[in-house]
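Given next are the chains, with one letter for each unit.
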Amino acid sequence: MPFARAIDAEIHYEDSGGEGPVVLLGHEFLMDRTMFASQQAALTPDFRIVTWDARGHGRTRDEGLPFTYWTSARDALTVLDQLGVERAVVGGISQGGFIALRTALLAPDRVSALVLLASEAHEPTTAELTNARKFLDKWYEDGPRPALAEYLARWLIGDDDWYRAVWVKRWLARDPNATEVAAGALLNRDSVLDRLPEITCPTLVIHPTRSGVPRSHARELADRLPNARYVEIEGARQTVNMTHPVAVNTAVREFIRDLAIPPVRDFSARPGSR
């Protein structure tokens, strides 16, 4: 089982392999790398799809300490280091997009392009913070948790009964304390709006119109990035890559093919590599 070793964590990842352009994908809050199963199936072998579990999620092992999405961005780079990959397309959905933006800011030379789904560059709104605190307080109580999980599944996924059942089962098996720590990164994230002009790599912004991200925030993200392409998927909710895989996969495939990224080169033995 592959892990990339950070100083205080072992980051679990899955690599489709192959010689196509590397696409590193980060998942939504409370989910894990498996939410990209449709992308792995559809986009390989043209692309080498690498998915990974953030701290507090999936099979990644960490010490349960508070962290930020800047920490997670360094974790993403650690995965690339483990694979010996010098440059990659870095992307993600919502939380994964927050991390991808910070990865590009930390190491612009390592990011050939960004793919951002249902994401934004803003800090949390006051309403988001208030509602999240109420939700988390109830999440600790055994009685309300199943109903909260069902509500969350419908908000994130929509009408797909199968996907909702899969994720509700996983959420109810989670340690509530791990959820609290992971939520700290989400709710304490800083705005990177003013730094978006620093990100000059090509970027694909995909906005599902029924996601929790306001359209105005998604549009501002695309407008402030110097080299962004904006795509809307009408009627889709937050987990658009699962519920509308054909639309997402088509947009991603066309975007990356237009970049004409050269074959992967191993830089693991390069002097000064991480």
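Conventions we followed
- Residues numbered from 1 in each chain as written.
- Predicted model: local features only at pLDDT ≥ 70, side-chain atom pairs only at ≥ 80, totals over all residues.
- Heavy atoms only, no water.
- Buried < 20%, exposed > 50% of the residue type's maximum accessible area, 1.4 Å probe, protein only.
- Helix = DSSP H or I, 4+ residues; strand = E, 2+ residues; numbered from the N terminus.
- Pairing = 2+ DSSP bridges.
- Right-handed = clockwise from strand over helix to strand, strands pointing away.

This brings us to the pairing of strand 8 (residues 203-208). In terms of residue burial, strand 8 counts as a mostly covered element, since six of its six residues are buried. Burial along strand 8 is two-sided: Thr203, Val205 and His207 and Leu204, Ile206 and Pro208, pointing in opposite directions, are all buried. As paired strands, strand 7 (residues 111-117) and strand 8 are joined by four bridges and run parallel to one another. Counted as the bridge partner of Leu117 is Ile206 from strand 8. For strand 8 and strand 9 (residues 228-233), the ladder comprises six bridges, and the chain directions are parallel. Of the residues in strand 9, the one forming a bridge with His207 is Glu232. Assessed by its sense of winding, the connection that carries the chain from strand 8 through helix 8 (residues 215-224) to strand 9 is right-handed.

All right, on to the pairing of strand 3 (residues 22-26) then. Among the five residues in strand 3, five count as buried, and that is most of the element. One ladder, built from five bridges, connects strand 3 with strand 4 (residues 48-52); its direction is parallel. The residue bridging Val22 from the neighbouring strand is Arg48, located in strand 4. Taken together, strand 3, helix 1 (residues 37-43) and strand 4 form a β-α-β motif whose crossover is right-handed. In this sheet, strand 6 (residues 88-93) lies alongside strand 3 in parallel orientation, the contact comprising four bridges. Bridging across to strand 6, Gly26 finds its partner in Gly92.

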